[in-house]
Structure formats: C-alpha cells, structure tokens
Amino acid sequence: MEDATKGARMEACPSPSEAGAIWRSFEMERFLQQARAMGLETSPTFQAAWKELVERSESLDELAKEQESGERKRPWWADGEYDACTAARKAEEGHEHYARRRNEDALTSFTEAARLAPQCDVHHANRAAAAMRLRRWDVAAEAAEDALRIRPEGWKARMRAGEARKKLGDLKQAVQHFQVAVKMDPNHPRAMRGLEEATRALHQEEEDRSNERTGAQKGQRKGLELCLETDEEVAVLLQTAEDMCKAQPKLEAAKTAKVEALILCRRYEDAREALRGLTDGLDKMRLQVEIEWRSGGDVQDAWKELRGAPGAQASESCRLLIQDLERMAEARKQVDGAMDDERYQDAIELLTQAMQLDGNKKAAPLVYNADLLLKRAEAYCARGMRVEALQDLNQCLDFVPEHSEAVKFRAVLLEASGRYEDALADLFRLQDLDATSPGLLESMARLAAACEKGGLDGTAAPASMFAKDGLGESHCAVLELPPDATSAQVRRAYRKLAAQWHPDKWMTHTEDAKKVAEVRFREIQVAYEALLPQDGKIR
C-alpha cells in the first residue's frame, strides 16, 4: 500500500503559540467527533464541558498573542515555582504574625504563600489585609484584585479592594467595588458606609474638577513670578509638583503647577509637552505665552497674542503679564531707537534698566537677559568699550551657552583683540551650534593660520588693548599708545590705525574679517574723539 504522506512537504510552524493553537484545534475536533459517535452531543453535561473547553482555548489564544506582542505584564508571582504544601505553611506563619500585629512579617509570609500557590485567592486576599495595616494601599489594591480575578464572589477581597482604591484616590473603581459588595450583602454596615463615603468623595472630586476647569478657562490662577527664584527653590517647586501629579494625576492644579515649575527650570520643551494636558482656557494660553517669551521668542508678539485673547483683561494674572510684556516691549523699542540714532550710552543705560525688572535686583528670565546682554555688548563695542562688551558676552553665554549669535560676536571681538586661539575655540563651538553659519570655515582657516604666524594678515592686535586702569588709559591702549602720549602722538597713531583698519580696505576679505575691521575701526574713532576733542588737548 502506498504511503499517502510520501512526497508531502512538511513545514514548521512559525511560532510555538501557533503550534499550540493547531494542536488544540485538532484535539477539540477529535473530542467532538467522539461525542457525536457516542450520541452525547446534545447532553447538557457535554455542552457545559464543551463551552468551558472553548472558552479556555480562546483564553490561551489571547494570552499567546499578548506574550508575542510584548504587551503582557508578567505577574510578580509567575515564576513557575508552585508548591501548595509550602504555601499552606507560609500562610499559617502569616496568620500567626498577623494575630501578633507583626504586620511586616505577615506581609512577607502571605506574599510567599501567594507566590507558591498563586491560584489560591485566599493567599492574595490575606496579602491585601496585611498591606492595608501597613498603609501600602497600592500593594493592597493589587493583591485584593488578584484575589477577585480568581474568585469574583470573595466579599472580603472586594471590600479591601474598595478601601484601598479609595485611599489611592481611584474613586470610580472604589465605588464599583463597594457597589458589588453591597449587592452581595445589602445590609452590611461596612459595605454601605464604604459606598456612601466613596460616592460622596467622587462627587466632591468631580465638583472640584469642574471648578478647576472653569477657573482655568477664566485665568483665575496666580501668575508666574516675572523674576526667577534660585535654582534650589525651583528644583523644590518641580519636585513638589511632580509628587502632586503622581498622587492626583487628574488634578488640574497639579498639572498646572508642573508646567509652571518646568518653565521656571527653563525646561521649555518639557513644559510645552506637559502643557498639552491642561484644560483649554486663559491659564493655558498664559502659560503658552510665558514659554514663548521666556525661551527667547519675541516679547511684542507674545504681548499682542495674550492681549487679544477674549477675557484676558478680566483675569488678574493675564492682565499683570500683559503689563510686564508691554513694559519690556517698550524698553526694547527705546533701545532700538537709541541704537539706530547712535546714542549708544543711552542704549546702555536703557538695557541696564531693562535687566532689573520692577526696580529690584533679581535677574530677569535668563534667555531674555541673554538677548539684552548681547544688545548691550553691541552698544559697548560701538563706544569702543571692548572689555565691557566681552564681559557682557561672557555673561550671556553663562546664561545661555547655546546662544550662537553671542558666540559668533565674541569670536569677532577676540579676533580683533589678537586673541586668535580663543577666537578659534569660539568658532569650533559655533560649528557645533550652527555648522551652516556663513563664512565659518574660511574664518576658521584664517584664524588657524594667524595662530601659527602670530597675526592676522601680518598685523597683530596688542594684548595691552585690554588693560583698563582708567577710561583715558583704555582709549590710549586702543590707539597702541602709552597713557602719557602727546596730542601729536595721538594724531599720528590715529592716522596710521585708521588707514590700516578702514573698512574699504577689507572689502575683498571674508564677512567675518570685514566685521573685525569694522569693530576695530569704530573703536579707533571713538578713542581718538575721546582723547582729542575740539580743543586739541588730551583728556
């Protein structure tokens, strides 16, 4: 007789779970055929057994899918070391500890019993009781609900689950557990009291949440401090807010406090992400504006956006922020006007005032201050006060190390001062921040060559340029003169340096080299005018 399988192609199942499903399907079909052959297919006993068999097979299929997808969370007790006899001994130990109120030991023993015999609901329920005495509500809730998954009609486990969920603030689940407990025993005072308390707490929570949403929509929350707290204070604020969110993840006040703390910590991207979870309204809009202007956005745009929001003037926090933004926008407008009119000293004074908001000595938000420092450095540079300009740029980069414009400007000043290695280091830093910056590679090559030969195009700026024992001495240093130079020496030095650094002579150089020459030429002019006014005498 010919073998029917001869020449047949055998293929392995792609996964153990699929092999198990095929095997179960084959065995169930064979079981059904045998029942039919024996005339038992219509028997109530067979039908009940068949229904249970189908349900368990489907449950195994679902379990296999969860395991393969990686979504299944493995129970803590599922280690395969099952021993019902040892579990019973551990449970007895647990009862003894529990009776003597050695609650920690009782929890340890009941936990071991549940691990060794996880199919026994009593071990899980006892574990929940010990955890409740220790006020470990999360462990109690987990253990009680493990017991209910095994035996849903367990009244004690149901009560413990309800109490633990109530303590955790999961009030909807607590109410559901207590409702089932009351249904199981309608006259039990503990079950009725638990349901009443959980229901009342749930209604209060829903009312509070509704009031919070209304307040958030109307912008009733107090606004952020305009000036920063210390780093330590801000860190405490953030930790407190995160703890609040863990305890009450749905609480609007907790979520808002976290956004505010992230803003004060200058973690603006995290603040933007957390902002998505807030209720739409004026509070959310106000915090969005806070993020934008504090992270370096345009103050005037932020002010206009908030001012145009419906109801903003009725919200005190929004109104105060609008006033602050208006004041800052006006200050920036005055600074820009002074710079355009070449009133650099006025610009310096205005910028200094703008960095001391509300008349106090606390620093304004760092990114905002960094932009002001960069602007003031430009004004100082225009007045020939390169030392002060570099100090502002250093402070600006202390505040915001990734400020590419400040890095580039400082490189220009350092190069103009003959500090080629420092300037080259800044250009490497700029390359990390903005590799597409125009003329960057050419400037790096030029400075590398200058470092080797000790000068730029054969002209090295003197280190004495940074000596500043007095304003007159500083101007003399710019013109490469001693402090006691005569008026004739000042004129000769001015003509020589002005010819050397005149921008027209640098037109064929790179953009960065032209900026160096422009800065140097302006300094020479300022120094000459300061040292030799109309009367022709040195000041």
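Here the structure is a predicted model, which is why all the values come from computation and not from measurement.

This part takes up the packing of aromatic side chains. To describe a pair of aromatic rings, you give the distance between the ring centres and the angle between the ring planes. Enumeration according to the criterion identifies 3 aromatic pairs in this entry. When the ring of phenylalanine 31 is compared with that of phenylalanine 46, the centres are 5.6 Å apart and the planes differ by 45°; the resulting orientation is tilted. A residue pair is termed long-range when its members are at least 10 positions apart, and phenylalanine 31 in helix α1 (residues 16-37) and phenylalanine 46 in helix α2 (residues 44-69) qualify at 15 residues. Accessibility expressed as a relative area gives 10% for phenylalanine 46, which makes it buried. Measuring from ring centre to ring centre gives 6.1 Å for phenylalanine 46 and tryptophan 50, while their planes differ by 20°; the resulting arrangement is stacked. A residue pair is termed a helical-turn pair when its members lie 3 or 4 positions apart in one helix, as phenylalanine 46 and tryptophan 50 do in helix α2 at 4 residues. Residue class for tryptophan 50 comes out partly exposed when judged on its relative accessible area of 22%. Among the aromatic side chains, those forming a connected cluster through ring pairs are Phe31, Phe46 and Trp50. Residue placement shows arginine 133 over the ring face of tyrosine 98; its charged tip is 3.6 Å from the ring centre.

With that out of the way, let us pick up the confidence of the model for the protein chain. Low pLDDT means the predicted coordinates in that region are not meant to be read closely. Mean pLDDT for the protein chain: 79, with 81% of residues reaching 70 or above. Looking at the elements of the protein chain, mean pLDDT is at its lowest for helix α22 (residues 471-478), recorded as 63, and at its highest for helix α5 (residues 121-133), recorded as 94. In the predicted structure, residues 1-8 sits below a pLDDT of 50 and forms 0 contacts with residues beyond four places in sequence or in another chain. Taken as a whole, residues 456-471 scores under 50 in pLDDT and shows 38 contacts with residues more than four places along the chain or in a different chain.

Turning our attention to the nonpolar core. With 76 residues, the main nonpolar core has Leu413, Leu479 and Trp501 as its most contacted residues. It is helix α17 (residues 366-382) that provides the largest number of residues to this core, a total of 10 residues. By size, the runner-up hydrophobic cluster in this structure holds 12 residues, among which are Leu171, Val175, Val182 and Ala198.

What counts and how
- Residues numbered from 1 in each chain as written.
- Predicted model: local features only at pLDDT ≥ 70, side-chain atom pairs only at ≥ 80, totals over all residues.
- Heavy atoms only, no water.
- Phe/Tyr/Trp six-rings, centres within 6.5 Å; stacked < 30°, edge-to-face > 60°.
- Helix = DSSP H or I, 4+ residues; strand = E, 2+ residues; numbered from the N terminus.
- Buried < 20%, exposed > 50% of the residue type's maximum accessible area, 1.4 Å probe, protein only.
- Lys NZ or Arg CZ within 6 Å of the ring centre and 35° of its normal.
- pLDDT = per-residue confidence, 0-100.
- Contact = heavy atoms within 4.5 Å.
- Core = buried A, V, L, I, M, F, W, Y, C linked by side-chain atoms within 4.5 Å.

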